[in-house]
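# Architecture and fold: a report
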Amino acid sequence: MEGYDKSKPPLRTVKDLDPDDQPREKAEKYGCAVLSVPDLWAIILRTGTPGNPITELCRDLMRDNDGKLHRLERRTRQELMARKGIGLTKCIQIEAVMELMKRYASEEPAHEDPITSSERIFSRMRYKIGNLDHEEVWILLLNRRNMVIREVCMSVGISTASLFDVKIAIKHALLENAEGIVLVHNHPSGATRPSASDDQITRELKEAAGFMKLKMIDHVIVTAAGFYSYHDNGRL
């Protein structure tokens, strides 16, 4: 055919792959558990670009993030869309899946256990805020049996600082008839060591809670890999 360059290889698509290498067909035959992470993304994102099948795009996507979903989660929308083949629709699909993963991981069982240790606080909050690229401050409001009545996000800040209003925290506790309060926030840097401002809001909340006959149970600093507890370190 005139104008066809026979020296160039034909464009590859997923259909050119062996059936056992096609993610959807492999999932249908063997189940999703056998698929790699790029293959799972390929089923979700569905279509690639001419000459770049979705399977290759998804392998490159994970390769760019050292094969780690934790790294992918921290990518901004602009960073995701910088890769050829990922437009706004695919970007939102990726964000939606990551959000579903976070919510699944942070779901509490039907018969929730009381807050009895800093480890329980960490396991409850690590997937919600531990891997964020910005700082968030939350309070957990507890009843007399140390069961969580409500979680409240108090502030969303930039990478190293957030605003926290002690008066509003106490107001939430009183409105919920709480008996105890837990302060939780994350460090995007991954370091668990408290800062001077962390110490300050701990002192202020403990003083205000005591004045209102509320018990401050703990202040836990959460990262993706670990945590620091003021209670465990004898600082409450």
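Going by the structure above, here's the rest.
About the thresholds
- Position numbers for residues count from 1 along each chain, tracking the sequence in the order it is written.
- Only residues with pLDDT of at least 70 are given local features in this predicted model, and only at 80 or more are side-chain atom pairs given and counted; all residues enter the totals for whole chains, interfaces and linings.
- Each side-chain value is derived from all of the structure's non-hydrogen atoms; neither hydrogens nor water enter the calculation.
- When DSSP finds at least two bridges between two strands, those strands are taken to pair.
- In this description a helix means any DSSP run of H or I spanning at least four residues, a strand means any run of E spanning at least two, and both kinds are numbered starting from the N terminus.
- Throughout, a contact is declared for two residues whenever any of their heavy atoms are within 4.5 Å.
- In these notes, a set of buried Ala, Val, Leu, Ile, Met, Phe, Trp, Tyr and Cys residues joined through side-chain atoms within 4.5 Å is what counts as a nonpolar core.
- The buried label applies to any residue whose accessible area, calculated with a 1.4 Å probe on protein chains only, is under 20% of its type's maximum; exposed applies above 50%, and partly exposed to all values in between.
- Note on definitions: angles span 0 to 180 degrees between N-to-C directions of axes, and those axes are lines fitted to C-alpha atoms, for helices only across the stretch in contact.
- For classification, angles of less than 35 degrees are called roughly parallel, those exceeding 145 degrees roughly antiparallel, those between 65 and 115 degrees roughly perpendicular, and all remaining angles oblique.
- Assignment of crossover handedness uses the view with strands pointing away from the viewer, where a clockwise path from the first strand over the helix to the second indicates a right-handed crossover.

### Looking at the pairing of strand E2 (residues 148-156)
- Examined bridge by bridge, strand E1 (residues 136-142) and E2 share 7 bridges and lie antiparallel to one another. Bridge pairing links Leu-140 to Glu-151 in E2.
- Counting the residues that bridge the hairpin from E1 to E2 gives 5 residues, and of these Asn-146 lies at a positive phi of roughly 65°.

### Concerning the side chain of His-172
- Tracing the backbone shows His-172 in helix H8 (residues 166-175).
- Among residues more than four places away in sequence, those in contact with His-172 are Ile-139, Leu-141, Arg-150, Val-152 and Met-154.

### Points about the nonpolar core
- In terms of nonpolar packing, the biggest core is built from 18 residues, with Ile-139, Leu-141, Met-154, Phe-164, Ile-181, Leu-183 and Leu-205 touching the most fellow members.
- Residue assignment for this core shows that the elements contributing at least two residues are E1, E2, H8, strand E3 (180-186) and helix H9 (196-211).
- Per-element tally for this core: the top contributor is H8, with 4 residues.
- Beyond its immediate stretch of four places on either side in the chain, Met-154 contacts Val-137, Trp-138, Ile-139, Phe-164, Asp-165, Ile-168, Ala-169 and His-172.

### What about the packing of helix H1 (residues 23-30) against helix H2 (residues 37-45)?
- Here H1 crosses H2 at 105°, and the two axes come no closer than 9 Å. As judged from the angle between their axes, H1 and H2 are roughly perpendicular. Touching Pro-23, Arg-24, Lys-26 and Ala-27 of H1 are Asp-39, Ala-42 and Ile-43, all from H2.

### Topic: the packing of helix H6 (residues 88-106) against helix H7 (residues 118-129)
- Across the interface, H6 lies against H7 with an axial gap of 8 Å and an inter-helix angle of 175°. For the element pair H6 / H7, the angle class is roughly antiparallel. Contacts from Lys-102, Ala-105 and Ser-106 in H6 reach Arg-124, Tyr-127 and Lys-128 in H7.

### Comments concerning the pairing of strand E4 (residues 215-222)
- Burial runs high along E4: 7 of the 8 residues are buried.
- In the sheet, E3 pairs with E4 via 7 bridges, with the strands oriented parallel. Residue pairing in the sheet places His-185 in a bridge with Ile-221 of E4.
- As for the winding sense of the linkage, the β-α-β connection from E3 through H9 to E4 is right-handed.
- Sheet topology note: the E4/strand E5 (residues 227-229) ladder contains 3 bridges and is antiparallel. Bridge pairing in E5 links Val-220 to Ser-229.
- Counted along the chain from E4 to the antiparallel partner E5, the turn is 4 residues long.

### A closer look at the environment of Arg-126
- Tracing the backbone through its elements, the reader meets Arg-126 in helix H7.
- Here the alpha-carbon distance between Arg-126 and Phe-227, two residues 101 residues apart in the chain, equals 8.7 Å.
- Apart from residues lying up to four places away in sequence, Arg-126 is in contact with Asn-131, Val-222, Thr-223 and Ala-224.

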